[in-house]
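# Commentary on secondary and tertiary structure
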Number of protein chains: 2
Amino acid sequence: MTAATADDAPTQVPVILGDRSYDILIGTGLIESAGETIAARYPGRAVAVVTDAHVGAIHAEALEAGLAGAGIRHQRITVPPGEATKRFAMLEQVVDEILAARMERGDIVLALGGGVVGDLAGFAAAIVRRGMGFIQMPTSLLAQVDSSVGGKTGINTRHGKNLVGAFYQPGLVLADTDALDTLSTREFRAGYAEVAKYGLIDDPAFFGWLEQNWRGVFQGGRDRVHAIAVSCRAKAAVVARDETETGDRALLNLGHTFGHALESATGYDGSRLVHGEGVAIGMAQAFRFSAKLGLCAADDAARMAAHLTTVGLPTELAHIPGGVGDVDRLMTAIGQDKKVSRGALTFILARGIGQSFIARDVDPVAVRAFLTEELARI
Amino acid sequence: MTAATADDAPTQVPVILGDRSYDILIGTGLIESAGETIAARYPGRAVAVVTDAHVGAIHAEALEAGLAGAGIRHQRITVPPGEATKRFAMLEQVVDEILAARMERGDIVLALGGGVVGDLAGFAAAIVRRGMGFIQMPTSLLAQVDSSVGGKTGINTRHGKNLVGAFYQPGLVLADTDALDTLSTREFRAGYAEVAKYGLIDDPAFFGWLEQNWRGVFQGGRDRVHAIAVSCRAKAAVVARDETETGDRALLNLGHTFGHALESATGYDGSRLVHGEGVAIGMAQAFRFSAKLGLCAADDAARMAAHLTTVGLPTELAHIPGGVGDVDRLMTAIGQDKKVSRGALTFILARGIGQSFIARDVDPVAVRAFLTEELARI
Ligand SMILES: NC(=O)c1ccc[n+]([C@@H]2O[C@H](COP(=O)([O-])OP(=O)(O)OC[C@H]3O[C@@H](n4cnc5c(N)ncnc54)[C@H](O)[C@@H]3O)[C@@H](O)[C@H]2O)c1
Ligand SMILES: NC(=O)c1ccc[n+]([C@@H]2O[C@H](COP(=O)([O-])OP(=O)(O)OC[C@H]3O[C@@H](n4cnc5c(N)ncnc54)[C@H](O)[C@@H]3O)[C@@H](O)[C@H]2O)c1
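Residues numbered from 1 in each chain as written. Chains lettered and ligands numbered in written order. Predicted model: local features only at pLDDT ≥ 70, side-chain atom pairs only at ≥ 80, totals over all residues. Heavy atoms only, no water.

A count of helical and extended segments in chain A gives 13 helices and 11 strands. The globule rule puts the C-alpha radius of gyration for 378 residues at 21 Å, and the 20 Å found for chain A is close to it. Taken across its 378 residues, chain A has 61% of its residues classed as buried. Put simply, of all contacts in chain A between residues at least 6 apart along the chain, 75% involve residues at least 24 apart. Measuring between centres, the 36 positive side-chain charges of chain A sit 4 Å from its 43 negative side-chain charges. (Helix = DSSP H or I, 4+ residues; strand = E, 2+ residues; numbered from the N terminus. Rg over C-alpha atoms; globule rule 2.2 N^0.38 Å. Buried < 20%, exposed > 50% of the residue type's maximum accessible area, 1.4 Å probe, protein only. Contact = heavy atoms within 4.5 Å. Lys, Arg positive; Asp, Glu negative; His and termini not counted. Charge placed at Lys NZ, Arg CZ, Asp CG, Glu CD.)

Structure, rendered in structure tokens:
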């Protein structure tokens, strides 16, 4: 196992997508040095820094000092933190502020923040002047290992999450692993669910490594850089095979069909359930459902849930404060999920740890029976 | 000159864009037969028909009868007519109605209307579920020869026209030339400005044909189908060379930098100036400006203006009721135009009829002097 030390040169993960290929740089000090990096790669461009009030207050000054030092014209655009920011009204506001700052098509929208900022700012970058430059500077673990990679951008509507958006690849991703030191433990854990997901999808050795080394990932340093790089490489490989999710990119949705339903059932109230916690419970449910269907050993379902529990993640409906309503409510939430194709239900199921697969035409009756059991465990 | 008769099979113009290639069908009766056409090309898909209140009242029933006859589930979504419909609030409403109708990613957004409906509905199709199926059914002359071809979609903001949008190609364009019979003469003329534009850009023979045969184009029948097909072919060729307007697609903007400034200066008030009228004046100005710069013979500028006048189009600022303000206002409007690149002004100028070219770095001082002269002609 080769792992970079925390003060090495950044680890570089290429995302191969023809003329839309780009690099993910993972390492320390990348926020401070971003001005220099951008000046070298994009000479003469202005930068609109989109951030949320939390992240902006902590990290924007260091970024802006670097941009100013490199002679880059820049403008900060601040949105409120939280999932509710991913909506039409905020999109319009960000778009308007980008235009008010007289940004041209060749200029750059830079997302400094978690997945909410990345999804919103990326969508704005995709549509202002039908496509501006775009750089992701993810500051949450979830954003570094998942949302900043692969080009999905978008907002929510009252009909569901991420129902409106664009596939829009960034030109560069700068993942500063130091930035995660200011993230709350709860948010770090939520991102860790996605890290574990890559092991559960198709990399049992990585899952084993996480079981041994998860403390290092939480602490920072070389183990954290390693875990993020492995995760980005895994996601980049899937995205390179299937950019617009017509095929096996859907594997990345392990835990997400159940997870999204739970987010919907809790009204997207982050105080009750954040996205990564929904994914953690959703993955545990995907494994329990697979075990119930006789696809996967019950031991594997227990083992993966045990690791999630060890790091402090929820794995059961009982772990959600305030409950999630009855089975009808959950079924409706699943029926509205974007991954429904022409009436049939699609789930990511597993034959074991690191052996996930796309199951199309899952019988809704079996799902209902499983969820009824799950609710009975509360 | 081979010209289809009005009751021939539709003329087919292919738009060659790799895996996003599609056909434009031009002819009569295409609204009635659309259900059959769509059922054959897109079996099993539902259709959201986006239209405006004018066009919907006249043409939607015939379309819907055909959809119903072909067993296609469909839902009409009606927006108010007029340029003001191309705004965020209406985009959100259309998106919401598409989702409320439970349209999935494989289903189809069909734009039945002029350029306003096409641009708005196309943008909605591009972003709902990150891209649904999309069919253009243009009902104005402008939409048939220009806006429905080439994949530009979008809305306006208070900072300017079409500043937000997507490049999103339709899967099919059905241009029913009969539909134009219900268009007002004023709107037909406005679209004719774009037809003439293709002659002025690089097809002097077509411009000569129009000088001889424009009455036939206005009347309908074979000359109309011919003029629309020549126009679509011309636009398709430019778009195939330069899909995202990084190069010579900009030629299509002949008359548009001045034209957009005039639309802005008249507050996008269609009672004073519709888009095609702005383009007509803008093209006449581009030729007069070219003549003033010594690039083009004054005779050519006079000849093209004479033809526009013959068909009833405006060619002078004096033709705009209510005036357009002073030179500062026009210069500001031009400075905000999207076709400004990093501070320098880009115009489409001409060396003669059918000899247009992209002039980058046009001196703003020369533009100001020219516009001051133009204002003095009022
Ligand atoms: N585009 C994709 O492919 C994709 C993939 C997965 C998830 N997502 C989206 O990502 C979103 C979730 O992302 P998230 O978990 O990063 O949520 P988030 O952006 O809301 O960030 C979580 C919280 O942490 C704060 N924060 C972020 N970085 C911080 C830092 N360094 N220091 C202190 N506080 C910090 C934020 O202000 C916020 O309060 C969801 O909207 C989800 O739909 C998108
Ligand atoms: N996407 C592009 O590449 C592109 C190119 C050029 C123009 N445009 C856009 O197109 C728009 C202008 O298009 P337009 O001129 O078609 O305007 P429009 O859509 O507003 O139509 C003009 C008027 O004619 C009515 N109408 C349309 N078809 C009719 C019919 N068959 N019978 C009766 N009434 C009918 C409409 O209701 C409207 O009142 C502008 O917003 C412009 O920005 C886009």
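Residues and elements named next belong to chain A. Partitioning chain A into structural domains gives domain 1 (6-182) and domain 2 (190-376). The C-alpha centroid of domain 2 is placed 26 Å from the C-alpha centroid of domain 1. Both sides together, the interface formed by domain 1 and domain 2 hides about 2,600 Å², and carbon and sulfur atoms give 63% of it. There are four salt bridges connecting domain 1 and domain 2. The residue Asp 146 makes a salt bridge to Lys 197 at a minimum N-O spacing of 3.9 Å. (Domains from an automatic or database assignment. Buried area = accessible area lost by both parts, 1.4 Å probe. Salt bridge = Lys/Arg side-chain N within 4 Å of Asp/Glu carboxyl O.)

Moving on to the site of ligand 1. Residues and elements named next belong to chain A. Near ligand 1 lie 26 residues; those nearest to it are Asp 52, Glu 83, Thr 139, Ser 140 and Thr 182. Separating a nitrogen atom of ligand 1 from a side-chain N or O atom of Thr 139 is a distance of 2.7 Å. In isolation ligand 1 exposes 860 Å². Once the protein is present, 91% of that is buried. Of all the secondary structure elements, the ones that give two or more residues to the shell around ligand 1 are α2 (53-69), α4 (115-127), α5 (141-147) and β8 (160-167). In terms of residue count, the dominant contributor to the shell around ligand 1 is α2 (four residues). Each residue belonging to the shell around ligand 1 can be placed in one class, and the counts come to seven nonpolar, 10 polar and nine charged. (Near = heavy atom within 4 Å. Polar contact = N/O pair within 3.5 Å; in protein donor to acceptor, adjacent residues only side chain to side chain. Areas by Shrake-Rupley, 256 points an atom, 1.4 Å probe, with all protein chains shown as cover. Nonpolar A, V, L, I, M, F, W, Y, C, P; charged D, E, K, R; others polar.)

Here the focus is the pattern of salt bridges. Inspection of every chain in the model, using the stated rule, returns 38 salt bridges over all chains. A salt bridge links Lys 235 of chain A to Asp 146 of chain A; the shortest N-O distance between them is 2.6 Å. Taken together, the positions of Lys 235 of chain A in helix α8 (residues 222-241) and Asp 146 of chain A in helix α5 put the pair 89 residues apart, joining distant regions of the chain. Asp 146 of chain A shares its class with Lys 235 of chain A; the two are buried. Salt-bridge contacts for Glu 374 of chain B lead to Arg 288 of chain B; the nearest nitrogen and oxygen are separated by 2.8 Å. Of this pair, Glu 374 of chain B sits in helix α13 (residues 364-376) while Arg 288 of chain B sits in helix α10 (residues 275-292), and the two are 86 residues apart along the sequence. Overall, the relative accessible area of 13% leaves Arg 288 of chain B in the buried class. One network of salt bridges, in which partners are shared, links Glu 83, Lys 86, Asp 119, Lys 161 and Glu 263 of chain A.

Moving on: the sheet that holds strand β4 (residues 74-79) of chain B. Residues and elements named next belong to chain B. The strand order across the open sheet built from seven strands is β1-β2-β9-β6-β5-β3-β4, with neighbouring strands paired in mixed fashion. On the outer flanks of this sheet lie β1 (11-15) and β4, each paired with one strand and no other. Strand-to-strand twist of the sheet, defined as the mean angle between neighbouring strand axes without regard to direction, takes the value 20°. When strand β5 (residues 108-113) meets strand β6 (residues 133-138), the two strands line up parallel, connected through six bridges. When the bridges of β6 are listed, Ala 111 appears paired with Gln 136. Together, β3 (47-52), β4, β5 and β6 form the strand contacts of helix α4 (residues 115-127), whose direction differs from that of β5 by roughly 170°. The strands touched by helix α8 (residues 222-241) within the sheet are β1 and β2 (22-27), with β1 carrying the most contacts at an inclination of about 10°. (Pairing = 2+ DSSP bridges. Axes fitted to C-alpha atoms, helices over the stretch in contact; angles between N-to-C directions.)

The next thing to look at is the pairing of β2 of chain B. Residues and elements named next belong to chain B. β2 sits mainly inside the fold: six of its six residues count as buried. On β2, burial covers both faces: Tyr 22, Ile 24 and Ile 26 on one face and Asp 23, Leu 25 and Gly 27 on the other are all buried. Relative to β2, β1 runs antiparallel, the two being bridged by five bridges. Within β2, the position partnered with Thr 11 by the bridge is Ile 26. Hairpin connection from β1 to β2: six residues lie between these consecutive antiparallel strands, with Gly 18 at a positive phi of about 55°. Here β2 pairs with strand β9 (residues 172-176) via five bridges, running parallel. Following the sheet pairing, Ile 26 is matched in β9 by Ala 175.

All names here are of chain B. Contacts to ligand 2 come from 26 residues, most closely from Asp 52, Glu 83, Gly 115, Ser 140 and Thr 182. Interatomic distance of 2.6 Å between a side-chain N/O atom of Glu 83 and an oxygen atom of ligand 2. The separation between an oxygen atom of ligand 2 and a polar side-chain atom of Lys 86 is 2.8 Å. If ligand 2 stood free it would expose 860 Å²; the protein chains cover 91% of that surface. Taken together, the elements giving at least two residues each to the shell around ligand 2 come down to α2 (53-69), α4, α5 (141-147) and β8 (160-167).

All names here are of chain B. Enumeration according to the criterion identifies 19 aromatic pairs over all chains in this entry. Centre to centre, the rings of Phe 206 and Trp 209 are 6.0 Å apart; their planes meet at 15°, and the pair counts as stacked. Remark: Trp 209 and Phe 206 occur in helix α7 (residues 204-219); sequence separation between them is three residues, near one turn of the helix. Neither residue differs from the other here; Phe 206 and Trp 209 are each classed as buried. (Phe/Tyr/Trp six-rings, centres within 6.5 Å; stacked < 30°, edge-to-face > 60°.)

For the rest of this paragraph, the subject is the UniProt feature "domain: 3-dehydroquinate synthase N-terminal" (unreviewed entry) in chain A. Taking the UniProt record as the reference, the feature "domain: 3-dehydroquinate synthase N-terminal" (unreviewed entry) is found at residues 77-189 of chain A. The span residues 77-189 of chain A carries 34% helix and 30% strand; its end-to-end C-alpha distance comes to 28 Å. (UniProt positions renumbered as here; feature names shortened; annotations may be inferred.)

Further remarks concern the packing of helix α6 (residues 185-202) of chain B against α10 of chain B. All names here are of chain B. Running from N to C, α6 and α10 cross one another at 35°; their axes reach a closest spacing of 7 Å. Crossing of α6 over α10 shows left-handed handedness. Residues Arg 186, Ala 190, Ala 193, Glu 194, Lys 197 and Leu 200 of α6 lie in contact with α10, whose contacting residues are His 275, Gly 276, Glu 277, Val 279, Ala 280, Met 283 and Phe 287. Its residues placed into classes, the contact of α6 with α10 shows seven nonpolar, two polar and four charged. (Left-handed = near helix turned anticlockwise from the far one by under 90°.)

Moving on, we get to unusual backbone geometry. The phi dihedral of Arg 102 of chain A falls on the positive side, at around 55°, and the residue is not glycine. Looking at the element boundaries, Arg 102 of chain A is found in the loop between α3 (88-100) and β5 (108-113). The backbone of Arg 129 of chain B shows a phi angle near 55°, a positive value even though the residue is not glycine. Among the residues examined, Arg 129 of chain B registers a relative accessible area of 11% and is labelled buried.

Let's shift gears to the interface of chain A and chain B. Note: interface size is frequently given as the accessible area lost on complex formation between the parts. With 41 residues of chain A at the interface, the matching set in chain B holds 41 residues. Between chain A and chain B, roughly 3,200 Å² of surface is buried when both sides are summed, and carbon and sulfur atoms account for 48% of that area. Summed over the shared surface of chain A and chain B, the number is two salt bridges. Of all the secondary structure elements, the ones that give two or more residues to the side of chain A that touches chain B are α3, α4, β7 (152-157) and β8 of chain A. The dominant element in the side of chain A that touches chain B, judged by the number of residues it contributes, is α3 of chain A, at seven residues. Looking at the side of chain A that touches chain B residue by residue, the classes come out as 15 nonpolar, 12 polar and 14 charged.

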